[in-house]
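# A structural walkthrough
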Amino acid sequence: MPGPKIGVYVCHCGSNIAGKVDMDALREFAAELPDVVVSRDYKYMCSDPGQDLIKADIKEKGLERVVVASCSPRMHEPTFKRACQDAGLNPYLMEMANIREQCSWVTEDAEAATQKAKALVHSAVNKARHLEPLEDKTVPVDPKTLIVGGGIAGIEAALKIAEAGKEVYLVEREPSIGGNMAKLDKTFPTLDCAACILTPKMVSVAQHPNITLLTYSEVEKVEGYIGNFEVTIRKRARSIDEKLCNGCGTCQEKCPIKVPNEFEEGLGMRKAIYTPFPQAVPNKPVIDRENCTYYKTGKCKICERVCPPKAIRFDQEDEIITEKFGAIIVATGYQLFDPSVGPQWGYGRYDNVIHGLQFERLSNASGPTGGKILLKDGSEPEAVAILHCVGSRDTNYAEYCSRICCMTSVKFAHLVREKTNAKVYDLYMDMRTFGKQYEEFYNRVVAERDIYFIRGKGAEVMQDPETGKLLVRVEDTLLGVFREIPVDMVILNAAICPRPDSQEVAQKFGIQRSADGFFLEYHLKLEPMKTANDGVFIAGTCQAPKDIPDTVGQGAGAAAEALKVVFAGKVTVTPTTAEVSGTLCSGCRICIPLCPYNAITFDEAKGVAQVNEALCKGCGTCAASCPSGALRAKHFDNRQLYAQIEGVCAE
Amino acid sequence: MEQAEAKTLEVIRQDAFDPAKFLEELDAFPGVDKIKNCMQCGVCTASCPLSHEMKETPRKIIEMIRAGMRDEVLASDTMWYCASCYACTVRCPQGISMAEVMYALRTIALRTARNLSAAFYKTFSDTVRRYGRMHESDLMIRFALRTNPLSLLKMGPLGLRMLAKGKMSLSVPTPIRGAKEIGKLYDKVAELEGGA
Amino acid sequence: MSETKTKDAARHKGAGEAKPDFVFFPGCSLHSTAREYHDSTVQSMAVLGITLEELDDWNCCGATALSSADSLLSYALPARNLAMTQERGLPMAVACNSCFVTLNRVNALMATDAPYRSKVEETLKAIGRRLDGPVEIRHTLHIIYHDVGLDRIREKVKRRLEGLKVAPYYGCQIARPRHEFSDPEFPTEMDDILEAIGAEVVRYDRKTKCCGGALMTTKEDVVLELNEQLLREAQVRGADLIAVCCPMCQMNLDAYQGKINSRFGTDYQLPVVYFTQLLGFALGLDEKAMGFGRGFVPAGKHLKKYA
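### Side note on the overall build of chain B
Looking only at helices and strands, chain B features 10 helices and zero strands. Along chain B, from the amino end to the carboxyl end, the secondary structure elements read α-α-α-α-α-α-α-α-α-α. If one aligns the C-alpha atoms of chain B with their principal axes, the spans along those axes are about 55 × 40 × 30 Å. By the burial criterion, 45% of the 196 residues in chain B qualify as buried.

Here it is in structure tokens:
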């Protein structure tokens with residue numbers, strides 16, 4: 001019995017294929033294969049005239065299968081599928097033979113290329129014969145977006161989505177949003193005060209009706225797929241009734257326990273009941289149960305006594321919230337390199353060797369020194385050294401460039417001069433002031449009095465045992481001389497690094513990390529906010545070191561990606577998934593733990609396996625493992641694959 | 001023992017520019033790697049306990065190597081100041097073993113150099129060949145005779161004290177049992193290195 | 001003479017121990033200028049239960065001098081020692097920093113597939129020896145810290161050196177390039193051992209700053225300066241004496257201390273002793289056996305109160 005009518009279309013791709021593979025020979029060879037009713041070749045099959053050839057044949061010759069011998073399906077599979085669909089043929093009845101990337105492009109031998117092309121076409125025709133029509137499915141999309149991380153990237157994304165009229169949940173681990181940007185003093189190149197530009201956005205987030213703000217909360221579990229994520233969030237107990245608390249701050253004033261304030265980067269203290277900084281959003285405190293006397297010994301309770309609206313709730317429990325989301329944006333930010341791993345810098349050994357964020361806190365008016373640049377003993381420094389590239393551009397630590405440290409160093413030099421009379425030595429390997437207004441900022445600062453830019457990487461900080469001065473050793477490479485500079489304070493511009501739990505977080509959200517440890521984007525140049533997990537997007541410094549303008553840009557970009565999903569209202573699920581035959585399945589459950597996407601469940605009632613078509617990516621692992629042959633990978637089932645093998649082996 | 005004078009750096013003539021050869025020569029030494037990756041950051045210089053004595057800093061030597069200035073590099077006194085403390089090597093952000101570069105340069109320079117350091121290393125090598133082990137007094141005496149016999153007088157007081165403390169002996173050293181093996185090693189090495 | 005020593009050590013350990021724990025590579029200095037390092041190392045380690053057997057007919061490792069003379073030679077000569085150690089079938093213990101760094105250099109090459117490795121193997125073949133891959137090399141400081149451990153040291157201490165202020169000076173080649181020590185710039189193994197025997201370890205930022213090593217011979221003037229700085233910090237920190245673990249460091253700081261004083265107009269009287277001398281003394285071995293008398297700057301007066 002004759003099979004379905006097959007049309008074969010061989011593409012020259014200019015000279016990419018035709019330059020090696022004999023087009024005439026291939027076309028004639030295909031025409032001789034059983035069931036092939038038409039065989040054509042054309043210069044560019046993907047072009048409009050090329051596609052028209054296919055469409056015309058489908059209509060006029062009643063083609064039931066189409067084989068296109070051309071480039072990789074990754075290039076033009078959608079093109080040819082659409083062409084078939086336009087002509088009224090189910091798009092899954094089209095098969096491609098890659099005679100370019102896997103044939104003409106990988107050999108100099110024209111004869112071998114032609115021979116292989118014949119084998120590939122034979123194989124594709126064999127498979128095409130056994131193809132079945134499949135229908136794309138659509139699933140509805142939950143219109144809510146989950147944003148993880150309340151720094152400037154997350155805040156930006158949240159506001160964009162909310163202002164577009166869609167709902168957002170913003171989950172932040174710390175008691176307040178603001179992230180690392182809230183710790184900064186002035187920002188380059190404009191010298192805008194970070195808090196001044198950030199806090200209005202923070203307040204907007206808190207007030208926007210479309211944003212549900214969950215602080216002191218963490219995402220525990222993520223299940224599901226694009227359009228239909230099921231997320232479990234733990235809202236940790238603040239030990240405060242948020243509705244009653246009016247943020248008066250009396251509890252913080254009276255609490256007797258002091259512990260180092262993480263927000264102050266170890267330079268200042270906070271109480272056991274605390275808000276991390278004065279402009280915190282929400283401005284409601286949190287009780288640090290690890291350090292609070294009540295939770296340790298059952299005593300104290302001073303805060304409860306003095307709280308005017310009686311808002312303290314010691315017995316409050318964590319709340320578990322489960323919600324559905326259509327899209328997720330991960331914007332978890334960065335951590336600073338810990339310079340104590342390199343004793344040559346003296347961090348942690350000598351007083352007055354600090355890193356970048358610590359300097360920001362010193363310089364910040366609401367910081368531990370009220371904005372004054374002071375040494376540990378309270379005096380003002382007479383000389384300050386600023387070192388670039390601490391922990392970055394260094395095979396001993398991290399190879400990448402941390403991008404913002406050069407601008408930060410120049411900014412620090414300016415701020416030190418603004419606030420003190422100290423001489424400033426900026427030790428740099430390069431001056432990477434690449435952004436808009438950055439070079440102009442650098443030129444301004446370079447001209448300032450008593451700032452000395454020395455081109456050399458600060459190698460070590462030693463202490464003069466007699467004077468106590470910190471001696472910074474560097475080579476002034478432009479002069480070619482060794483220099484030892486006595487200073488009072490050393491600022492190490494430590495690199496931006498991935499957070500310590502980034503592996504855990506990546507696994508939780510189903511995303512990968514690149515070799516440098518940051519989250520992996522789908523395409524470094526063209527899709528920096530997408531990830532390989534559809535529906536999960538990334539933004540900000542969790543993807544790579546960057547400045548505030550780029551972070552805001554990525555936040556907005558990620559919002560656009562999320563809105564794309566949300567506004568589409570539905571998501572297409574490809575039908576090339578696995579299918580279970582209820583009659584053949586013996587209920588052995590071998591397939592279930594093998595599925596990398598957790599797409600198979602067991603139906604207890606029926607005693608058979610069940611595939612969630614939306615989660616299934618069609619990898620075929622289950623089908624290969626099934627001892628009963630009950631699992632079939634649609635579009636790649638055994639019959640089709642054997643036919644392909646026969647086709648290849650025939651030549 | 002005069003030191004060859006380093007030429008003043010003037011213009012690098014492009015028609016004489018051939019750094020590839022010198023880089024190849026250095027790459028033959030097993031520990032030398034990644035010279036081309038040098039960022040010229042100067043950490044090597046800044047970490048070196050003796051760089052303040054060098055006319056050309058270690059970082060500059062790398063740059064001179066990359067500029068193909070073989071003669072100037074080999075004439076420089078920088079390499080003779082290296083104490084092999086490896087501070088540079090451990091800190092280099094590109095993972096270049098500066099200490100190994102110094103060894104390589106000395107080895108090349110030793111074939112023609114006529115300075116105190118070269119004499120010392122040659123004498124050391126001869127002593128080891130002869131006895132299989134180092135012998136303090138033998139080494140110092142031969143070294144002095146080779147370079148400046150009067151230096152023996154300067155070393156006198158210290159030397160005498162060392163003898164008194166039993167830290168040195170003037171007895172004739174005995175070669176190890178395997179001294180012939182050592183000699184064979186030297187010969188084999190010379191054979192393998194051919195004219196190099 | 002070394003044979004008697006190892007027999008002593010074996011007797012110390014007791015019967016039933018057929019094979020020693022380590023093959024000991026003393027290096028040229030330990031048999032001459034650093035004899036007290038040799039004696040104190042072997043004896044104190046014996047008390048702590050580690051037997052060392054001197055590598056039979058070892059040859060000079062070449063130190064940094066041979067690396068400057070000829071590349072292949074500087075690998076071949078130490079390789080003979082490694083080959084003999086491999087034959088003996090024991091790990092190697094080294095006390096001298098310079099030998100440590102030189103032997104490790106060859107070892108690292110033998111752990112790779114570099115073509116140079118076969119050159120080294122060829123030279124060994126010419127003398128009828130072979131070296132199959134790397135050998136385990138340990139510095140005696142690390143063996144004492146890691147294999148013996150601080151608890152066992154504390155147990156065995158007979159004289160706690162309470163109140164003795166010691167500056168721990170490691171020198172440069174023990175921790176660099178990176179090997180097994182805790183940090184290439186700021187190791188703490190010797191600090192911990194000194195504390196375990198009761199001494200007060202003073203802060204010493206220059207603990208791995210180079211003393212100039214063999215450069216004292218060829219660049220005396222500048223190297224004297226380096227050593228003056230080392231002595232200065234020890235003095236400022238209030239150290240009674242400096243503990244070292246390398247014969248070069250000991251010689252430079254001790255034998256040349258007089259010259260440093262006259263050159264710079266200083267008045268340092270800082271004894272420079274091997275940490276094993278202090279260790280052995282704390283473990284009950286006597287002052288003379290530990291060779292304290294061999295230092296140029298006498299240490300005797302600091303040790304009187306512990307006798």
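### A word on the interface of chain B and chain C
Of the residues lining the interface, 49 residues belong to chain B; the matching set on chain C comes to 48 residues. Elements represented by at least two residues in the side of chain B that touches chain C include exactly helix H5 (87-91), helix H6 (98-110), helix H7 (116-131), helix H9 (151-164) and helix H10 (179-193) of chain B. Split into classes, the residues belonging to the side of chain B that touches chain C amount to 28 nonpolar, eight polar and 13 charged.

### Comments concerning the domain arrangement of chain C
Residues and elements named next belong to chain C. Domain assignment breaks chain C into domain 1 (2-139) and domain 2 (152-306). Mapped by element, the contributors of at least two residues to the side of domain 1 that touches domain 2 are helix H2 (27-30), helix H3 (35-47), helix H4 (63-69) and helix H6 (97-110). When residues in the side of domain 1 that touches domain 2 are grouped by element, the largest group, nine residues, is from H3. Its residues assigned to classes, the side of domain 1 that touches domain 2 comprises 10 nonpolar, 11 polar and three charged.

### Thoughts on the sheet that holds strand E12 (residues 228-235) of chain A
Residues and elements named next belong to chain A. One open sheet holds the three strands; their spatial order is E11-E12-E17, and the pairing between them is antiparallel. Each of the sheet's edge strands pairs with one partner strand only, and the pair in question is strand E11 (217-225) and strand E17 (319-325). For this sheet the average axis-to-axis angle between neighbouring strands, irrespective of direction, equals 20°. Sheet analysis places E12 next to E17, joined by seven bridges and oriented antiparallel. Bridge pairing in E17 links Ile233 to Ile321.

### Details of the interface of chain A and chain B
Facing 16 residues of chain A, the contacting portion of chain B comprises 17 residues. Looking at the side of chain A that touches chain B, the element that brings in the most residues is strand E25 (residues 470-476) of chain A, giving three residues. Within the side of chain A that touches chain B, the residues separate by chemical class into four nonpolar, six polar and six charged.

### Some remarks on the sheet that holds strand E22 (residues 423-428) of chain A
Residues and elements named next belong to chain A. With parallel pairing, the five strands of this open sheet are ordered in space as E20-E27-E21-E22-E23. The strands lining the two open edges of the sheet, one partner per strand, are strand E20 (353-355) and strand E23 (451-455). This sheet shows a mean twist of 20° between the axes of neighbouring strands, independent of strand direction. Looking at chain direction, strand E21 (residues 383-390) and E22 are connected through five bridges and run parallel.

### Remarks on helix H13 (residues 247-255) of chain C
Given 3.6 residues to a turn, an α-helix orients residues that are three or four positions apart in the same direction. Counting buried positions over the nine residues of H13(C) gives nine, a clear majority of the element. Buried within H13(C) are the following residues: Pro247(C), Met248(C), Cys249(C), Gln250(C), Met251(C), Asn252(C), Leu253(C), Asp254(C) and Ala255(C).

### Considerations on the nonpolar core
Among the nonpolar cores identified, the biggest contains 286 residues, and Ala158(A), Ile329(A), Val330(A), Val490(A), Ile242(C), Ala243(C) and Leu278(C) are the most heavily contacted of them. Tallying contributions element by element places H6(B) first for this core, with 10 residues. Beyond its immediate stretch of four places on either side in the chain, Ala243(C) contacts Val166(C), Pro168(C), Tyr169(C), Met190(C), Leu194(C), Val273(C), Phe275(C) and Leu278(C). Of all hydrophobic cores here, the second largest spans 42 residues; its members include Ile6(A), Val10(A), Leu33(A) and Ala97(A).

What counts, and at which threshold
- Residues numbered from 1 in each chain as written.
- Chains lettered and ligands numbered in written order.
- Predicted model: local features only at pLDDT ≥ 70, side-chain atom pairs only at ≥ 80, totals over all residues.
- Helix = DSSP H or I, 4+ residues; strand = E, 2+ residues; numbered from the N terminus.
- Buried ≥ 20, exposed ≤ 12 C-beta atoms within 10 Å, placed from the backbone.
- Contact = placed C-beta atoms within 7 Å.
- Nonpolar A, V, L, I, M, F, W, Y, C, P; charged D, E, K, R; others polar.
- Domains from an automatic or database assignment.
- Pairing = 2+ DSSP bridges.
- Axes fitted to C-alpha atoms, helices over the stretch in contact; angles between N-to-C directions.
- Core = buried A, V, L, I, M, F, W, Y, C linked by C-beta atoms within 7 Å.

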